[in-house]
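Chain residues, written in single-letter form:
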Amino acid sequence: LTQRELGSMFFSPIAYFVLLGFVVAGWFGYVDFINRLSDPRSNNIEPIVRNYVIDLVPVLAIIFIVPAITMRLLSEEQRSGTIEVLLTAPVDEYTIVLSKFFAGFVMYLVVWAPFGLYLLALPLSGAPAFDYRPLISFFVGLCVTGAAFISMGLFFSSLSKNQIISGVLTFAGMLGLFIVAINRERIFGQNPASPWYQVLMHISYLD
């Protein structure tokens with residue numbers, strides 16, 4: 001079922017538009033990252049990849065990418081009427097939901113691949129090496145947060161037959177998680193002693 005869902009993604013133009021959008025976003029982020037590295041006034045402290053992965057460009061891109069990946073997972077099945085065929089097949093509902101989840105999650109990881117490929121240009125061009133090991137930690141963090149994002153999108157996709165409605169709800173959820181990080185410092189400043197500051201910090205996926 002997961003293979004079937006992945007195949008349906010790549011047989012439609014959605015997967016290619018999502019990949020193209022993230023490649024372009026990654027290119028902008030990479031150019032900005034290189035400009036900061038080459039600036040003699042910048043103080044590049046390890047891990048410098050934090051300023052590459054957790055930056056405005058990839059953060060904004062992922063807010064749009066997750067709804068695009070998940071909005072059709074269950075909405076399209078309900079709209080086309082194939083959900084009844086799935087539910088009457090000799091598989092239980094858990095299998096169906098997990099197959100949709102894993103397909104969206106694999107697609108989410110594939111979309112992030114260009115960000116890693118761009119970094120290969122640094123050692124290939126003979127640039128001074130930096131510590132790549134933090135990338136492993138970032139990858140683990142991307143997997144965990146990505147699983148949460150895909151789960152949220154899959155949930156909203158189950159609520160409506162309309163893909164647009166599912167996408168808008170997922171986008172609102174992603175945007176809400178992003179706004180939490182901004183409003184936390186705007187309301188409480190840099191006061192980590194505040195209990196609400198701690199609550200919002202745990203809600204914010206950027207932290």
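Preceding this section is the structure that the text describes.
Residues numbered from 1 in each chain as written. Predicted model: local features only at pLDDT ≥ 70, side-chain atom pairs only at ≥ 80, totals over all residues. Heavy atoms only, no water.

Visitor: Give me the lowdown on the environment of valine 18, citing residues and values where you can.
Guide: With respect to the element layout, valine 18 can be found in helix 2 (residues 13–38). Along the backbone, valine 18 and alanine 61 are 43 residues apart, and their C-alpha atoms lie at a distance of 9.8 Å. Residues within four places of valine 18 in sequence aside, it is in contact with Ile65, Ala68, Ile69 and Val111. (Helix = DSSP H or I, 4+ residues; strand = E, 2+ residues; numbered from the N terminus. Contact = heavy atoms within 4.5 Å.)

Visitor: Could you give an account of the packing of helix 4 (residues 56–70) against helix 7 (residues 93–119), with specific residues and numbers?
Guide: It is the contact of helix 4 with helix 7, at a shortest axis distance of 11 Å, that shows an interaxial angle of 150°. With respect to helix 7, the axis of helix 4 lies roughly antiparallel. Considering only the axes of helix 4 and helix 7, their crossing is right-handed. Seen from helix 4, the contacting residues are Pro58, Ile62, Ile65, Val66 and Ile69; seen from helix 7, they are Gly104, Met107, Tyr108, Val111, Trp112 and Phe115. In the contact of helix 4 with helix 7, the residues fall into 10 nonpolar, one polar and no charged. (Axes fitted to C-alpha atoms, helices over the stretch in contact; angles between N-to-C directions. Parallel < 35°, antiparallel > 145°, perpendicular 65-115°, else oblique. Left-handed = near helix turned anticlockwise from the far one by under 90°. Nonpolar A, V, L, I, M, F, W, Y, C, P; charged D, E, K, R; others polar.)

Visitor: So, helix 4: which residues are in play, and what are the values?
Guide: Between its terminal C-alpha atoms helix 4 stretches 22 Å, which fits the 21 Å expected from 15 residues at 1.5 Å a residue. Along its length, helix 4 reaches its greatest deviation from straightness, about 25°, at isoleucine 62. If you check which residues of helix 4 are buried, you get Pro58, Val59, Ala61, Ile62, Ile63, Ile65, Val66, Pro67, Ala68, Ile69 and Thr70. (Expected span 1.5 Å × (residues − 1). Bend = angle between axes of the 7 residues up to and from the residue. Buried < 20%, exposed > 50% of the residue type's maximum accessible area, 1.4 Å probe, protein only.)

Taken by themselves, the reported measurements are silent on function.
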